[in-house]
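# Fold and contact review
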Amino acid sequence: MREFRSIDYIPHTERHGHPFSQFTLWFGGNLQITAIVTGALTVVLGGDVVWSLVGLLTGQILGAAVMALHAIQGPRFGMPQMIISRVQFGVYGAVIPLVLACLMYIGFSASGTVLAGQAMAQLLHVGNSTGMMLFSAIIIVVAILGYRVIHKLGKLASVMGILAFAWLFVTLLLSNDVATLLHNRHFTLSSFLLAVSLSASWQLAFCPYVSDYSRYLPHTVSARSVFSAAFCGTVLGTQASMTLGVFAAAIAGSAFSGNEVSYIVGLGNSGAMAMVIYFAICFGKITFTTMNAYGSFMSLTTIVCGFRKTTAIGQRTRTLFVVTMVGLSCAIALLSEPNFLKSFTHFLLLLLACFIPWSAMSLTDYYLISRGKVDIPALSDPHGRYGRWNGYGIAVYLLGLAIQVPFVANAFWQGGLTWLFGGNDISWIIGWFFTAILYYSLRRFDRRRLPEQIRLP
């Protein structure tokens, strides 16, 4: 049951599973409280119900399409997502997106720990801080066990999520006048773009680790089946959660902010059902937060192994890395709980600027330039085909970041051209297409010789 491989190549003899596991993992992992809160933000920040739902679904489709294209890389390479960045950045240069990925995982884990800690506190009748620490301890154990356990949790989370969400939706529809909410339609471009950006950023944030959970699939599985399973699972799961959040925030009004977990659980209408909902929230967050902890471990391992010129680490080092990353997330959660909603919004939108150029470069290289032909042994050799630092790739990445700056709308930075879009952040659209076109157009400046076929260890 325990996983012994880390960032090293998964041989064909150790491959297993079916593409449907991608559906259950991403469907169950997204049926959880953080997605509910993210959907609620569209209403909390001024949107109406109908156009918030349309905007959220639009963002899901756009972001999930990119995310699912990354999922295909897993069974083709048999390696984690971020180590493939060495093709575009160099063995040492890949540290640039890897450090950012670690920060992302820590941030998402922290936000999940806040909400799951609240649920666990109510379930066990302890303080919120104690609930967060207990939740973090569980995450450490599951992340150390690894791939198989995470996928099993995904299947269980799908079943529990469907039952819990069905109950909450039925209760919500029967006890409130939802029809009145649906008739309150007032389209504004700024609110619509906010909804699109929130859901798209949610999906795009999975890109740096989505193939971590498909890399054990047999290399013979079709790209279409992997894409469809990941795409449908993540869109259906996330849209269900965010739809519940939209309705809950619209009904609750100002009572929702700061009491997200207790309000959602209150929809259960009974003490016994409330405990079941609290348990479902905790279980759903275990799956999602474990994925972030596992991803942070993989990214940190890729950084360390790149400079040590190795392809794997021991179990003690694995445990140390997991404990360190989860500990940081827990510490942030304990300090940031009062301002969670506001900080989380800013965090989600700021993430886009960092990972959009990386995603565009990775997919452009895989589908249009190298066409999946990668020299896997060279990924661990600073003197090999991909070198230490790839100046071409790093320069394009920095230009991709720069082009987004005028269009970023965030608490930390307000771009000078955001007024064109109602003050909303559309940098992710501009950044992705600009970087993809630039990376493909300037590929002649990349002096590396492409392999004629994929080279295995």
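### Here we look at the overall build of the chain
- Per the secondary structure count, the chain includes 17 helices and zero strands.
- The C-alpha radius of gyration computed for the chain amounts to 21 Å, which stays within 12% of the reference 23 Å derived for 457 residues, consistent with globular compactness.
- Considered along the principal axes of its C-alpha atoms, the chain spans approximately 65 × 50 × 40 Å.
- Residues classed as buried in the chain amount to 60% of the 457 residues present.
- For the chain, long-range pairs separated by at least 24 residues make up 87% of all intrachain contacts whose partners lie at least 6 apart in sequence.

### Let's talk about the side chain of Ser 109
- In this structure, Ser 109 sits in helix H6 (residues 95–124).
- Given a relative accessible area of 5%, Ser 109 falls into the buried group.
- When near neighbours in sequence (up to four residues on either side) are disregarded, Ser 109 contacts Thr 289, Asn 292, Ala 293 and Ser 329.

### What to know about helix H2 (residues 33–44)
- Between its first and last C-alpha, H2 extends 16 Å over twelve residues, near the 16 Å set by a 1.5 Å rise per residue.
- The buried fraction of H2 is high, at eleven of twelve residues.
- Of the positions making up H2, those classed as buried are Ile 33, Thr 34, Ala 35, Ile 36, Val 37, Thr 38, Gly 39, Ala 40, Leu 41, Thr 42 and Val 43.
- Residue Gly 46 follows H2 closely and has a positive phi angle near 115°.

### Here's the deal with the side chain of Ser 241
- Tracing the backbone shows Ser 241 in helix H11 (residues 223–252).
- The buried category is assigned to Ser 241, whose relative accessible area is 0%.
- Ignoring anything within four residues of it in the chain, the contact list for Ser 241 reads Asn 30, Leu 31, Gln 32, Ala 35, Ile 36 and Phe 165.

### So, unusual backbone geometry
- A positive phi angle, near 60°, is found at His 125, a position not held by glycine.
- Position of His 125 among the secondary structure elements: in the loop between H6 and helix H7 (128–145).
- The class for His 125 is exposed, based on a relative accessible area of 70%.
- We note that Arg 371 has phi near 55°; this positive angle belongs to a residue other than glycine.
- One can find Arg 371 in the loop between helix H15 (340–369) and helix H16 (391–404).

### A word on the packing of aromatic side chains
- Tallying each qualifying case throughout the model produces 24 aromatic pairs.
- When the ring of Trp 26 is compared with that of Phe 206, the centres are 4.9 Å apart and the planes differ by 50°; the resulting orientation is tilted. Here Trp 26, found in helix H1 (residues 20–30), pairs with Phe 206, found in the loop between helix H10 (189–204) and H11; they are 180 residues apart in sequence, far enough to count as distant.
- Trp 26 gets classed as buried once you look at its relative accessible area, which sits at 1%.
- Their ring planes at 40° and their centres at 5.5 Å tell us that Tyr 213 and Tyr 294 sit as a pair that is tilted. Pair noted here: Tyr 213 is in the loop between H10 and H11 and Tyr 294 is in helix H13 (residues 271–308), with a separation of 81 residues, a long-range link. With respect to burial, Tyr 213 and Tyr 294 carry one shared label: buried.
- Among the aromatic residues, those joined into a ring-pair cluster are Trp 26, Tyr 105, Trp 202, Phe 206, Tyr 209, Tyr 213, Phe 288, Tyr 294 and Phe 297.
- Seen from the ring of Tyr 440, Arg 443 lies directly overhead, with NZ or CZ sitting 4.5 Å from the centre.

### Concerning the confidence of the model for the chain
- Per-chain confidence: the chain averages 83 in pLDDT, with 93% of residues scoring 70 or above.
- When mean pLDDT is taken per element in the chain, helix H3 (residues 49–71) scores highest with 93 and helix H12 (residues 260–266) scores lowest with 70.

### Regarding the pattern of salt bridges
- Taken as a whole, this structure holds one salt bridge when the rule is applied.
- Ionic pairing is found between Arg 385 and Asp 375, a salt bridge with its closest N-O pair at 3.2 Å. Here Arg 385 is found in the loop between H15 and H16, whereas its partner Asp 375 is found in the loop between H15 and H16, with ten residues between them in sequence.

Rules of the game
- Residues numbered from 1 in each chain as written.
- Predicted model: local features only at pLDDT ≥ 70, side-chain atom pairs only at ≥ 80, totals over all residues.
- Heavy atoms only, no water.
- Helix = DSSP H or I, 4+ residues; strand = E, 2+ residues; numbered from the N terminus.
- Rg over C-alpha atoms; globule rule 2.2 N^0.38 Å.
- Buried < 20%, exposed > 50% of the residue type's maximum accessible area, 1.4 Å probe, protein only.
- Contact = heavy atoms within 4.5 Å.
- Expected span 1.5 Å × (residues − 1).
- Phe/Tyr/Trp six-rings, centres within 6.5 Å; stacked < 30°, edge-to-face > 60°.
- Lys NZ or Arg CZ within 6 Å of the ring centre and 35° of its normal.
- pLDDT = per-residue confidence, 0-100.
- Salt bridge = Lys/Arg side-chain N within 4 Å of Asp/Glu carboxyl O.

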